[in-house]
Amino acid sequence: MAEHESLEFGKADFVLMDNVCMEDFMANLKLRFEKGRIYSYIGEVVVSVNPYRAMNIYGRDAVEQYRNRELYERPPHLFAIADAAYKAMKRRNKDTCIVISGESGAGKTEASKYIMQYIAAITNPNQRAEVERVKNMLLKSNCVLEAFGNAKTNRNDNSSRFGKYMDINFDFKGDPIGGHISNYLLEKVRGPYAQGPSCSGLLRGGPESLLRSLHIQKDPKAYAYIKVGGQVKSSINDGADFKAVADAMKVIGFTSEETLTAYKILATTLHLGNLTFGVDGDVILIQNPKVVSVIGELLSTPEDNVEKALLFRTVATGRDVIDKQHTAQEAGYGRDALAKAMYERLFCWIVGRINDVIEVKNYDARVHGKNTVIGVLDIYGFEIFQNNSFEQFCINYCNEKLQQLFIQLVLKQEQEEYQREGIPWKHIDYFNNQIIVDLVEQQHKGIFSVLDEACMNVGKVTDEVFLQGLNGKLAKHVHYTSRKVGRNRNLLEISYFTETGPYSVVGFIDKNKDTLFQDFKRLLYNSSNPVFKAMWPEGKLRITEVTKRPLTAATLFKNSMISLVENLACKEPYYVRCIKPNDVKSPLLFEQERCRHQVEYLGLLENVRVRRAGFAYRQTYPRFLQRYKMISEFTWPNHDLPSDREAVKRLLQGCGFDHDVAYGKTKVFVRTPRTLFSLEAQRADMLQRIVLFLQKVWRGTLARTRCRRMRAGLVILRAYRRYKVKSYVREVNRRFRNVRTMKDHGRSVKWPAPPKVLRRFEELLKNIHSRWWAWTLIKVLSPEEVLQVRAKVASLEALKGQRADLGLQRAWEGNYLRDSPDTASSLALVSGELQRKDKFMRVLFSCNVRKINHFHKVEDRALLITDRHLYKMDPQKQYKPMKSIPLYNVTGLSVSPGKDQLVVFHTKDSRDLVVCLQGMRPPAESRIGELVGALLGHFRRWSPSLPVSVGDGFG
């Protein structure tokens, strides 16, 4: 049964109805239509209800949902039946066919197009160019055939006025390689009166230049044939249709000359309808001769010949040939017959040209393998109008013929399946419409035979004489009656399964003879247009040449139907039964009686009865187990019983349904739908538990997998890190192995790039190396040199980048006053006295300065800095100390960034000392760096660091 549809949408398969009756069938059909479910099943038959609206269920996603799926695995759809036919053809190498039936407006043509599109979508996965060409041709042929063979009617915007059977040939790989189209009974009366894309589309959609060349105008009301056909409100865009048809003809391979000839024939039929005849005494005249001139131009034949063929008939009497003048009535009949015949020949010629393009060529089964066929039959539906004629009679005969085949094949399939499975067959009552088929086609007694006999009689044979012949042979037939309505209307009536079909016999004789004067055939054969010559080959016969009587239209149609049925009977059939929900083309209205009538004459209820035959459902043991094995502990997850049959038996016994099933050789048969619904309910309940269990197991598996991966990742990461660390350490060791013997002690060695985890370690290592390198340089120095180096380092750290010259490149003397010969003796006395007094250990710095006081007064002084005090001295008074500042009272230094030698000593009592160093030799020598370095070196060793600021202003 179809998945993914709950019972709120009704039963997807009518076979699963609890009660097989018309009321339940109609209620289920209506519910599904109202819920937007236009497709249902009867076993393997698709029931389609025309939705009269666009539905988004035919896209690429839908194609993939049904591709390579069984019928019951997805909701009912045309794609499911198309896929089933394709799989049967490809897997079993068996010819198949899809029979689409239903009345006019039920959606048969659309169904055939969707089936073709699906087959095109799932074939040729390797995108072979030739296969793509064939697929494109097959799809485009639909467009062209619809344009010339369909018509707009009050019941249908796109009504098929012909039957179409298309064989699609496939190679051994399942790719389409060609095809062939057969057409049945183009309803020629619709031809010149057509409302389809061919005529009205030409008028409304053709370009102005084309219309001028054909001497036609856009207004359809200007043409008698279309005016008689009636104006039908339609949703079809004639202009767009015309362009689509023109493009399709070009793709198929029609030359521009051939396409133009088709338009000329359409235009000619329109102009013929406007011809009027009058009488002047004993002479018949054409009242609008300009139209004759236009027709002659379109047919590429002289105007005089056209006029003569319309007004006269050439008759051969022995060796004599005479021209017999028509009456006005005969001329009108000949005009209409010519228009209809030209339209029919045009359609048959188009079908032939398409077949020439798409037929399989150069295919050798011994070389390429057997080619198989899928047939698609889209044929007119059952029709009972208020006024019915010969065309409706043939159409309904065709439907009866196909309905008989349908019942026979379905019944045969069911009987064969029961026989194969060893299940007893139960007789089924159904209406056997073979009696209706025999009434029409039986030799010597059937209606077609009586009609042919009437047409072969010598002399004037009327429709009344034909009806009398029917009454003489069929008066006692239970399904035949005749009656007279009014003065001039005689009806024959056939009692079908669902209703009685009344047919007016007026026109039966003429339509069956399908008479077209030989003059018209010669006229068209002698045209200078080669297409006309090819369409009318019989026109080459001489006037006096005797030919065999042609077959009548009824015989031709009967023979084609017999051939069609024989063709379908040798294929594996699949069915699409189309239903029209209402007559007003509404997407919301479901007319109960209207649909009930279609269900009856389509025999859908009989189809359900045949399909059930006592059992509502059957399935092979492996597939049944696959769907329901989770219900039983003996079959879940796998059984250990001898066979699948035994496993299914144990499962159903455990559920208590053993009394409601039968076991075949390969399939299990379930009698009532309730059992199946109970199995489905138990399955749905178990699926929830299984899903939860699977989710739990799967989530646990995922978690354990993630954990193992994380652990493995950590192990790998650690190993990799160790590897990178060891590699880095080994590389550093290799590069710095001989660093002790290098001149620069490794300063020029390039450090290897460290792994990310060792970047901090690299910094520390470089710092260690730098300290070691510095230590190797310092260890050879004297204590005084070490102190000087430390002072220079302190000065560099404090002033780097802030003053240009720090004096790092020269030796720092420190005590510059001592080195002056003029002042050495005086300074030595003062220095000795201060050392005894203040107990300092050494002199850090001394220099001549220029002092600046608060009043901006400048005086020469000397500066002496020891490890305990800062002394300001007067050089003019033998370096007499003028001021003494303990170093612990000095809170900071400020220097300028320029080349001057200005220094500010900040003290705790805010009595800052501002001096400018002087007396340098050479004069440009800078001693600020040395002063700052001496103080910083001292403060870092014995006390907290001394702040040093560099700036243009001092606070």
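Check the entry above for the structure.
Scoring rules and cut-offs
- Residues numbered from 1 in each chain as written.
- Predicted model: local features only at pLDDT ≥ 70, side-chain atom pairs only at ≥ 80, totals over all residues.
- Heavy atoms only, no water.
- Pairing = 2+ DSSP bridges.
- Helix = DSSP H or I, 4+ residues; strand = E, 2+ residues; numbered from the N terminus.
- Axes fitted to C-alpha atoms, helices over the stretch in contact; angles between N-to-C directions.
- Buried < 20%, exposed > 50% of the residue type's maximum accessible area, 1.4 Å probe, protein only.
- Polar contact = N/O pair within 3.5 Å; in protein donor to acceptor, adjacent residues only side chain to side chain.
- Contact = heavy atoms within 4.5 Å.
- 1 Å grid on protein atoms, 1.4 Å probe; cavity = no way out; pocket = protein on both sides within 12 Å on 5 of 7 lines; lining within 4 Å.
- Points joined across faces, edges and corners; volume = space filled by probe spheres on them.
- Parallel < 35°, antiparallel > 145°, perpendicular 65-115°, else oblique.
- Left-handed = near helix turned anticlockwise from the far one by under 90°.

1. Quick word on the sheet that holds strand 3 (residues 96–101)
Logical step 1: Here 7 strands make up an open sheet; going across it, the order is 1-2-16-3-12-6-7 and the pairing mixed. Two strands close off the open sheet at either side, each with one partner strand: strand 1 (39–42) and strand 7 (176–184). The sheet shows a mean angle of 20° between the axes of neighbouring strands, direction not considered.
Logical step 2: Two strands pair when backbone bridges link them, and strand 6 (residues 163–170) and strand 12 (residues 372–378) are joined in this way by 7 bridges, in the antiparallel orientation. Within the sheet, the bridge partner assigned to K164 lies in strand 12 and is D378.

2. Focus on the side chain of T314
Logical step 1: Relative to the elements of secondary structure, T314 occurs in strand 10 (residues 312–317).
Logical step 2: Assessed through its relative accessible area of 16%, T314 is described here as buried.
Logical step 3: Polar side-chain contacts of T314 include one of 2.8 Å to the side chain of D519.

3. So, the sheet that holds strand 20 (residues 843–852)
Logical step 1: Taken together, 8 strands build an open sheet; the order of strands is 23-22-21-20-26-25-24-27 and the sheet is mixed. Of all strands in the sheet, those bounded by a partner on one side alone are strand 23 (880–886) and strand 27 (948–950). Pairwise comparison of adjacent strand axes, ignoring direction, gives a mean angle of 30° for this sheet.
Logical step 2: Direction of pairing for strand 25 (residues 902–907) relative to strand 26 (residues 913–918): antiparallel, over a ladder of 4 bridges. When the bridges of strand 26 are listed, V903 appears paired with V915.
Logical step 3: Sheet strands in contact with helix 30 (residues 824–838) are strand 21 (858–866), strand 22 (869–874) and strand 23, and its direction is about 145° off that of strand 22.

4. Description of the layout of surface pockets
Logical step 1: Computed from the structure, the second largest pocket encloses a volume of approximately 1400 Å³.
Logical step 2: Forming the boundary of the second largest pocket are 45 residues, of which E44, E417, E572, R611 and K667 lie nearest the centre.
Logical step 3: Going through the elements one at a time, strand 1, helix 3 (78–91), helix 15 (390–421), strand 16 (572–579), helix 24 (604–612) and strand 17 (617–620) are the ones with two or more residues in the lining of the second largest pocket.
Logical step 4: By residue number, the principal contributor to the lining of the second largest pocket is helix 15, which donates 9 residues.

5. With respect to the packing of helix 10 (residues 256–273) against helix 13 (residues 328–358)
Logical step 1: Contact geometry of helix 10 with helix 13 gives a least axis separation of 9 Å together with a crossing angle of 160°. The pairing of helix 10 with helix 13 is recorded here as roughly antiparallel in orientation. Along this stretch, helix 10 crosses helix 13, giving a crossing that reads as left-handed. Between helix 10 and helix 13, the residues in contact are E258, A262, I265, L266, T268, T269 and L272 and R335, L338, A339, M342, Y343, L346, W349 and R353, respectively.

6. Some thoughts on the pairing of strand 6
Along a regular strand, successive side chains alternate from one face of the sheet to the other.
Logical step 1: Counting buried residues in strand 6 gives 8 out of 8 residues, a clear majority hidden from the surface.
Logical step 2: Along strand 6, one buried face is formed by G163, Y165, D167 and N169 and the opposite face, lined by K164, M166, I168 and F170, is buried too.
Logical step 3: Sheet topology note: the strand 6/strand 7 ladder contains 8 bridges and is antiparallel. Note on strand 7: the bridge partner recorded for D167 is H180.
Logical step 4: Between the antiparallel neighbours strand 6 and strand 7 lie 5 residues, among them G174 with a positive phi of about 90°.

7. Observations regarding the environment of N68
Logical step 1: With respect to the helices and strands, the residue N68 is situated in the loop between helix 2 (60–66) and helix 3.
Logical step 2: Distance in space between the C-alpha atoms of N68 and Y86 is 9.4 Å, their sequence separation being 18 residues.
Logical step 3: Beyond its immediate stretch of four places on either side in the chain, N68 contacts D83, K87 and Y118.

8. Digging into the pairing of strand 20
Logical step 1: Two strands pair when backbone bridges link them, and strand 20 and strand 21 are joined in this way by 9 bridges, in the antiparallel orientation. If you follow V849 over to strand 21, its bridge partner there is R861.
Logical step 2: Where strand 20 folds back on strand 21, the antiparallel hairpin that results is connected by 5 residues, among which H856 adopts a positive phi of roughly 60°.
Logical step 3: Strand direction decides the pairing type here: strand 20 and strand 26, joined by 5 bridges, are antiparallel. Within the sheet, the bridge partner assigned to R850 lies in strand 26 and is C916.

In short, shape yes, function no, at least from these values alone.
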